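This is what each chain is made of:
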Amino acid sequence: MRFLILIVIGLFTIELNAVKQMIQRYITQDSEVSFQYDSRLNYYQLTDNQWQQYSRFQFDIWFPNLESYLDISPVFQSIHVFDHLNDSTSAQSRLTEAYIQILYDWGAINIGEKRLVFQKSTFIGSNEFSNLPQTFGHIGITTNDQTFSFAYVTSYTPSNSIHSTQYKYGSIFTDFSLPVFHSMEPRVSAYFIENHGDTFSLNLSIQSGLFQSLSTSISYQDAPLISTNSELQPCSYFYDLIYSIQSPLNEFQIGLRTFGGPLRSSSTGFAAPFSDIFLWDGILSTYGDNVLNGFDSGQRIYFASFSSRLSDHRQVGVSAYLFRSLDFADNQGAEIDLVYSDNIVANLASYQYIAGYFFKGTDTTTNNIDSEFRMWLDVSLHLGQPPEKK
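What counts as what
- Residues numbered from 1 in each chain as written.
- Predicted model: local features only at pLDDT ≥ 70, side-chain atom pairs only at ≥ 80, totals over all residues.
- Heavy atoms only, no water.
- Helix = DSSP H or I, 4+ residues; strand = E, 2+ residues; numbered from the N terminus.
- Buried < 20%, exposed > 50% of the residue type's maximum accessible area, 1.4 Å probe, protein only.
- Contact = heavy atoms within 4.5 Å.
- Areas by Shrake-Rupley, 256 points an atom, 1.4 Å probe, with all protein chains shown as cover.
- Phe/Tyr/Trp six-rings, centres within 6.5 Å; stacked < 30°, edge-to-face > 60°.
- Lys NZ or Arg CZ within 6 Å of the ring centre and 35° of its normal.
- Lys, Arg positive; Asp, Glu negative; His and termini not counted.
- Salt bridge = Lys/Arg side-chain N within 4 Å of Asp/Glu carboxyl O.
- Polar contact = N/O pair within 3.5 Å; in protein donor to acceptor, adjacent residues only side chain to side chain.

Draft legend 1. Examining the overall build of the protein chain more closely. Helix and strand content of the protein chain: three helices and 18 strands. Within the protein chain, buried positions represent 42% of all 390 residues. Partitioning the intrachain contacts of the protein chain with sequence separation of at least 6 by distance along the chain shows that 53% fall at a separation of at least 24. In the form shown here, the protein chain has an accessible surface area of approximately 20800 Å², with 60% of it arising from carbon and sulfur atoms.

Written out as structure tokens, the structure is:
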């Protein structure tokens, strides 16, 4: 009898192991992969090598069955960039995203290297227009309705770079919304960036009617609370005001952005070191270094943009910018941009043409930047859909 019981237990254990292995294979081997190829040809009028050509290969890997059964979603992304016309930096490869999402009914906890976006990339973004995006090593919390986001950042890798910077103590990014009325959504954001500065921002968006909206943000920047040295002591301000009209086919925006200069004699002007610089001052990003590192005496940017969807797969847009000193006395230049995009084959192949021209200003004392024309032609091929970032 004892021998019979041992046989039954043995057979039952073998069966359980077989079921266990089958479940493991089903969950871990059922991975999804997407591929994207981008070819970029660009022309910079004032550089020594005016023409540049790049090939970009992007692979996304994720595991949908792990998400379905265990509420865990590992995500990996690798990008390889090849420069066809520059032998000194012919290729760059980076694991641009490698993180785990732990999913809950209310949101998710993210752990690992990931693109981060706060305030629509105004202060924290990934520079998606670059060949290699800006990413952050972090532990983060995000709610499903986007009313609260928090990230403790341990490292960051700048765009178009394969070298990361490790923090000694870390940086903190957070923002949350304050529901007041149905047509009004205030958001409060705070960024404590090690050795750079602390930025506090109040953002207000008001919906007026079906298609109109008015948004503004007011920010103050001071010396960093998290610091390993006392070299950088920012003290400045930033504010913007944007009026938008948006319909299913067209969108129009007009607005003003103001970067303050130093409020103290020993401080620096307002800076946004992790922002998506292409959002601020046109696609040429003429004053991008000032946005990242601070303006010596401040700047105002007046802008207007219009985009129209010509069909289901074709879109055109035009933008204009005026750069002026804080008192509007100094003309620091202007820019006009044109964007045209089209899907050659729906969800498979597309292209985008971008052209921009910067007009030299008349203020020769603070602005020594010449007029310049730049253009980009991007052709993309997509195979498979990348995972949805929850």
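Here the narrative resumes, following the displayed structure.
Draft legend 2. Structural context of the packing of aromatic side chains. Under the definition given, this model contains 33 aromatic pairs. Between the aromatic rings of Phe238 and Phe259, the centroid separation amounts to 5.1 Å while the plane-to-plane angle is 55 degrees, which identifies the pairing as tilted. With Phe238 in strand E12 (residues 236-246) and Phe259 in strand E13 (residues 250-259), the pair connects residues that are 21 residues apart, well separated along the chain. Phe259 carries the same exposure label as Phe238, and that label is buried. One aromatic cluster in this structure is built from Phe118, Phe123, Phe136, Tyr156, Tyr167, Phe173, Tyr191, Phe238, Phe259, Phe270, Phe274 and Phe295. The side chain of Arg40 reaches across the aromatic face of Phe129, ending 4.3 Å from its centre. The ring of Tyr44 has Arg374 lying over it, and the distance from NZ or CZ to the ring centre is 4.1 Å.

Draft legend 3. Quick look at unusual backbone geometry. The backbone of Asn127 sits at a positive phi, close to 50 degrees, despite the residue not being glycine. In this fold, Asn127 is placed in the loop between strand E5 (107-114) and strand E6 (135-143). Here Asn127 falls in the buried class, since its relative accessible area comes to 6%. Although it is not a glycine, Phe328 adopts a positive phi angle of roughly 65 degrees. Note on placement: Phe328 falls in the loop between strand E15 (314-324) and strand E16 (331-345). Using a relative accessible area of 45% as the deciding quantity, one classes Phe328 as partly exposed.

Draft legend 4. Up close: the side chain of Arg94. Relative to the elements of secondary structure, Arg94 occurs in strand E4 (residues 91-103). The side chain of Arg94 sits in the buried core without any salt bridge; Glu113 is the nearest counter-charge, 5.2 Å away. Only 2.7 Å separates the side chain of Arg94 from the backbone oxygen of Pro133, close enough to count as a polar contact. Residues in contact with Arg94, not counting those within four places in the same chain, are Gln77, Ser78, Ile79, Leu132, Pro133, Gln134, Thr135, Thr157, Pro158, Ser161 and Ile162.

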